[in-house]
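# Report on the structure
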Protein chains: 4
Amino acid sequence: MELNGILIPAATPFDPVTGELDLVGLRSNLRRWMEHPVRGIVFCGSTGEAVLLDDDERFALIEGGRELIPEDRLMVVGTGAESTRATIRNCRVAAGCGADAVLVQPPAFYKGQMTDAVLRDHYTAVADGSPVPVVLYQVPLRFSTLDLGTGLVSELSTHENVIGIKDSRGDLGLVGDLVERTRKGFQVLVGNGARLYASLEIGAVGAILGIANLVPGESAALHRAFTEGRTGEAGRLQERVAPVHDQIVGAFGVAGVKAALDRLGYRGGDPRAPLRPLDDAGRTVVHAVLAQAGVQAGSDPA
Amino acid sequence: MELNGILIPAATPFDPVTGELDLVGLRSNLRRWMEHPVRGIVFCGSTGEAVLLDDDERFALIEGGRELIPEDRLMVVGTGAESTRATIRNCRVAAGCGADAVLVQPPAFYKGQMTDAVLRDHYTAVADGSPVPVVLYQVPLRFSTLDLGTGLVSELSTHENVIGIKDSRGDLGLVGDLVERTRKGFQVLVGNGARLYASLEIGAVGAILGIANLVPGESAALHRAFTEGRTGEAGRLQERVAPVHDQIVGAFGVAGVKAALDRLGYRGGDPRAPLRPLDDAGRTVVHAVLAQAGVQAGSDPA
Amino acid sequence: MELNGILIPAATPFDPVTGELDLVGLRSNLRRWMEHPVRGIVFCGSTGEAVLLDDDERFALIEGGRELIPEDRLMVVGTGAESTRATIRNCRVAAGCGADAVLVQPPAFYKGQMTDAVLRDHYTAVADGSPVPVVLYQVPLRFSTLDLGTGLVSELSTHENVIGIKDSRGDLGLVGDLVERTRKGFQVLVGNGARLYASLEIGAVGAILGIANLVPGESAALHRAFTEGRTGEAGRLQERVAPVHDQIVGAFGVAGVKAALDRLGYRGGDPRAPLRPLDDAGRTVVHAVLAQAGVQAGSDPA
Amino acid sequence: MELNGILIPAATPFDPVTGELDLVGLRSNLRRWMEHPVRGIVFCGSTGEAVLLDDDERFALIEGGRELIPEDRLMVVGTGAESTRATIRNCRVAAGCGADAVLVQPPAFYKGQMTDAVLRDHYTAVADGSPVPVVLYQVPLRFSTLDLGTGLVSELSTHENVIGIKDSRGDLGLVGDLVERTRKGFQVLVGNGARLYASLEIGAVGAILGIANLVPGESAALHRAFTEGRTGEAGRLQERVAPVHDQIVGAFGVAGVKAALDRLGYRGGDPRAPLRPLDDAGRTVVHAVLAQAGVQAGSDPA
């Protein structure tokens, strides 16, 4: 399965009054995202507030999502849980609901005990038990998680059902290490929208980008320009979208992405508590960054 | 509600063959624990592998547990989840199943965004929404969590439905700070079985002790000796049980507690994956520590 | 606990596009219903499509509902499941979320085996295990259920935590039997909006009325007029609302209630599949019946 | 997918003390059943007490079951729920966990409204949404359910993802109607162990037999003898096992099957409440019937 391209880690809109899942909003966003040549959608990732969702909401997301994602695009679902068995179960549910692959963050609560040997066993059991390919997920380090060592990833890359990793640490050196030390064909994806170009140069094949919620067309164009050798164009696009990452996704996280979605005419809304919506000052920044990047509601082909 | 005394954060036994919840084992343990003058039981804590349990298993635990815990003992249930609404829901379920209080760990996944203001709002909403009193839970720092500031705890202690904190950091200075800077009547519990005596001297009123799974009688006796002014006896008991904490609970975590339970004739068994059971070397240490502390299967009144 | 009065078995609105729970709509309905002197609300009953809801949706309903139902009104929650243990669990969850009482339909799947002795054991265990009072629920016989014998109800009425029954069979003779053969103080509620007056005369103390979704004011006024001895007024109100029961609730079931809610400016919408929305001919009937009964969007105090 | 042969609707053993799922017992039964040339196993059917299981238990059953059921045997899972969407979701979960096909009973609660048109829409949506083939399930009429008309089944048999029906009504005429009026290749299974021979003669291709829990070898041999034209042998086997159906499965239902399992050295145990275990008189009958049929613990190849 080819992950090369841009995947959108879909933000999850909630109803402003009740706080329940807003599937109408999600569908509306999906239709618009699908007009761009992105590789696919990731549900139940960090940007999608997966840890704040109920089980039934996750079902509704992936079932409702699959209906709007054409067969030739990927639906990837985050399935990592603290126990090995719950993780496998989530993978099976996702597969049954039409996921093409799963994105598996490591169990982290008992961090002190999560040695490489423990994590290797965990991921091996998950990869053995998942009906669809597994993508390892190196969660951003500003979250409460652990750091998957390159040696461990190298070892896991030899499992036939482990097809890649999404590395959200944002360190180019580490991306290079991953590319170099994993088996040929193992697909490295990154998460930093300000370093996409550089990451592709180093050997990443694609990305799951928070900014792709906001600039799916530009993100996909950057990737295509790079892969087709139009490096000048890729560079210009990178310059244009880098601030969207640095000053919105990086600076404000989920709340920033959602405020920007609102500004662009998508359905964003507030994140679910305990996450907080952006305050007015934050929104002003978001609006300014979007304007400067030339991104606006009307700029969208839809 | 008086939390003063020793609460046992019950380990959760699983069936050795299937890995499913072993309620027979749990009941057997509960009957034996209840023969000692402990203040109560905590379900769904870190020692109980709460994050590795399914929803239905948590139900089975607390419903099955309540049947064996007399009305004059406390049943406290861990209910902290990542979202505010799921945490409140868990509190309501626990209350409906007969919990006397709930133990609430902070949401930690989006750690970088969990400022004091965010956590204050979260805990206030939880305390407002919980039908039973809330005990804050400062998770051990070797786990993947965040550190609740004393200022925040001080502020939260003024909420009438927040009656105490369990501090598992193991730092006596921080315990002293908590006692000093929270409202009168706010109950500070500790989690370190090697520093129980010292913690009580500083003003803690009780403890939720991993070692109380193994030495419930000694733990309760230590607490009583201290509160009745028999400090020499309390000191001797502290010396005796300190290694059980340091070399079993502290050194090996859940797997250590479970191996020790097995040794003492309780139902321990293996932790659930990805946690690993103790290897032979570990078991040898556990057995030696128990022997040296004079704890053995036969020493129990049962 | 006094059940005397009219309870509304709240219809559950769903989003027209996604089919997900429409909590905004429910809240809006609740605010309007609460302007009338009804005794309370029943969630998760047959009219509320309880069997078509997910677990998380039931949580959302009762948590969201409780916020809008004042303390002096009742919130009753349907909790009957096929297994005894699941039924008890549901009662505990409902109680934890603020239910004042639970409405328990019998397990019916293994109908051939549900003898009186089996049902007595089931209900006794449920009444023992429920933290809040139990109301037995005799489901309408056009549904797939079983018929609770009067002898069984009589026996169950002696349990101190079984405070009443809702009988939806619509047979006045059976209501009389129930009143006569149950312990003094046992509260008989009916479900037939065309025979409320007659039922009250026979000894019923109140009702859970599908029509109270549509004519809460008239239903409550009828009950009050009867209890205050104004029988002429009660009779006139009964004549007025009887067709609303016979030609909407009785004839079309949930779909009829929802179409009528739409007509009256409440949020009704379509029932969830496999239930079907009313077709145009059905809607014409509903509109005509409402008009003839003098009920219209503008007639409401809101 | 060929359903021809005998499928065992696996009884679900529970722990005698706690009432929780006994997966050890299930595995032990599965190993023994798999020694016989049965076509496969059905989980979450009526004999498996599906309606009395929690969601997590269903997961545990089918995940644990799949591990012991070789790839060349079928695992079929009951997935029928009251709502169309929950039914589809269950099908997807089952598929993700390795089910080869799903067995879908009709929604029955709102029986009065379940017209053929409504049921056709329901089953069509389920067949469209299920990743694995659908087998219709005509539940025994002594349960609380509805009767699928032959016209409806005939129509549904044209859907490419509806591959057969299990008819548990026990009426040979109806079986004949089904065979005749459904599309060629549509597979009719029966559930009555006393009329297997006759059903095969009429055109049924196999059966999901409660008695196959007890006499898997004899049931499979009967089917094979018939299909290989050894009708005399098939007839003798039918005579031998008919009383096992009539006097155990038919007379006592799940409790009878479980008591017989216990007698034969399988893990049976008590059904879950409100179902009741067999009393002593019942057990005496069960033992006598097994003895007369020449079935005993020791007669098994295990």
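See the structure shown above.
Here's what I pulled together on the structure shown here. Quantities reported herein were computed from a predicted structural model and do not represent experimental measurements.

### As for the sheet that holds strand β4 (residues 101–104) of chain C
Residues and elements named next belong to chain C. Taking strand neighbours around the barrel as the criterion, the eight strands line up as β1-β2-β3-β4-β5-β6-β7-β8 in a closed arrangement whose pairing is parallel. Ignoring strand direction, the axes of neighbouring strands in this sheet form an average angle of 25°. With three bridges connecting them, strand β3 (residues 74–78) and β4 associate as parallel partners. Paired with V76 across the two strands is A101, which belongs to β4. Against the sheet, helix α2 (residues 55–68) contacts β2 (40–43) and β3, and its axis sits at roughly 175° relative to β3.

### A look at the interface of chain B and chain A
Contact with chain B, which involves 42 residues of that partner, is made by 42 residues of chain A. Summed over both partners, the interface of chain B with chain A buries about 3300 Å², with 55% contributed by carbon and sulfur atoms. A per-residue breakdown of the area chain B buries against chain A is headed by R85(B), F109(B) and Y110(B), which together make up 23% of the total. Between the two partners, chain B and chain A, sit 23 residue pairs in polar contact (both at pLDDT 80 or more). Among the elements that make up the side of chain B that touches chain A, the one with the highest residue count is helix α4 (residues 116–129) of chain B (five residues). Broken down by class, the residue content of the side of chain B that touches chain A amounts to 17 nonpolar, 11 polar and 14 charged.

### A look at the pairing of strand β5 (residues 134–138) of chain A
Residue and element names in this part refer to chain A. Of all five residues making up β5, five are buried, and the element is well covered by its neighbours. The two faces of β5 match: V134, L136 and Q138 on one face and V135 and Y137 on the other face are all buried. Taken together, the three bridges between strand β4 (residues 101–104) and β5 define a ladder with parallel strand orientation. Across the sheet, V104 pairs through a bridge with L136, a residue of β5. Viewed along the sheet, the connection from β4 through helix α4 (residues 116–129) into β5 turns out right-handed.

### Let's talk about the packing of helix α9 (residues 231–263) of chain D against helix α10 (residues 280–292) of chain D
All names here are of chain D. Remark: α9 packs on α10, axes separated minimally by 9 Å, with the N-to-C direction vectors making an angle of 100°. Classed by the angle they form, the pair α9 and α10 counts as roughly perpendicular. Residues P243, V244, Q247, I248, F252, G256, A259, A260, D262 and R263 of α9 touch α10, and the partners they reach there are G282, R283, V285, V286, H287, V289 and L290.

Conventions used here
- Position labels on residues start from 1 in each chain and follow its written sequence.
- In the order they appear in the text, chains get letters beginning with A and ligands get numbers beginning with 1.
- Totals for whole chains, interfaces and linings use every residue, but because this is a predicted model, local features are given only for residues with pLDDT of at least 70 and side-chain atom pairs only at 80 or more, for both listing and counting.
- Note: side-chain values were computed over all heavy atoms of the structure, leaving out hydrogens and water.
- Strands pair, by our definition, only if DSSP identifies at least two bridges between them.
- Numbering of helices and strands runs from the N terminus, with a helix taken as a DSSP run of H or I at least four residues long and a strand as a DSSP run of E at least two residues long.
- Helix axes are fitted only over the stretch in contact, all axes being lines through C-alpha atoms; the angle between N-to-C directions runs from 0 to 180 degrees.
- By definition, residues are in contact when any of their heavy atoms lie within 4.5 Å.
- Take the accessible area each of two parts loses on contact, using a 1.4 Å probe, and add the two losses: that sum is the buried area.
- Polar contacts, as counted here, are pairs of nitrogen or oxygen atoms within 3.5 Å of one another; within protein the pair requires one atom able to donate a hydrogen and one able to accept it, and residues that are adjacent in sequence qualify only if both atoms are side-chain atoms.
- Side-chain classes are defined by residue name, with Ala, Val, Leu, Ile, Met, Phe, Trp, Tyr, Cys and Pro counting as nonpolar, Asp, Glu, Lys and Arg as charged, and the others, Gly among them, as polar.
- Each residue is placed in one exposure class: buried if its accessible area under a 1.4 Å probe, protein chains only, is under 20% of its type's maximum, exposed if it is over 50%, and partly exposed if it falls in between.
- By definition, the crossover connecting two strands over a helix is right-handed if that path, from the first strand to the second, turns clockwise as seen with the strands pointing away from the viewer.
- Roughly parallel here means an angle under 35 degrees, roughly antiparallel means over 145, roughly perpendicular means 65 to 115, and every remaining angle is called oblique.

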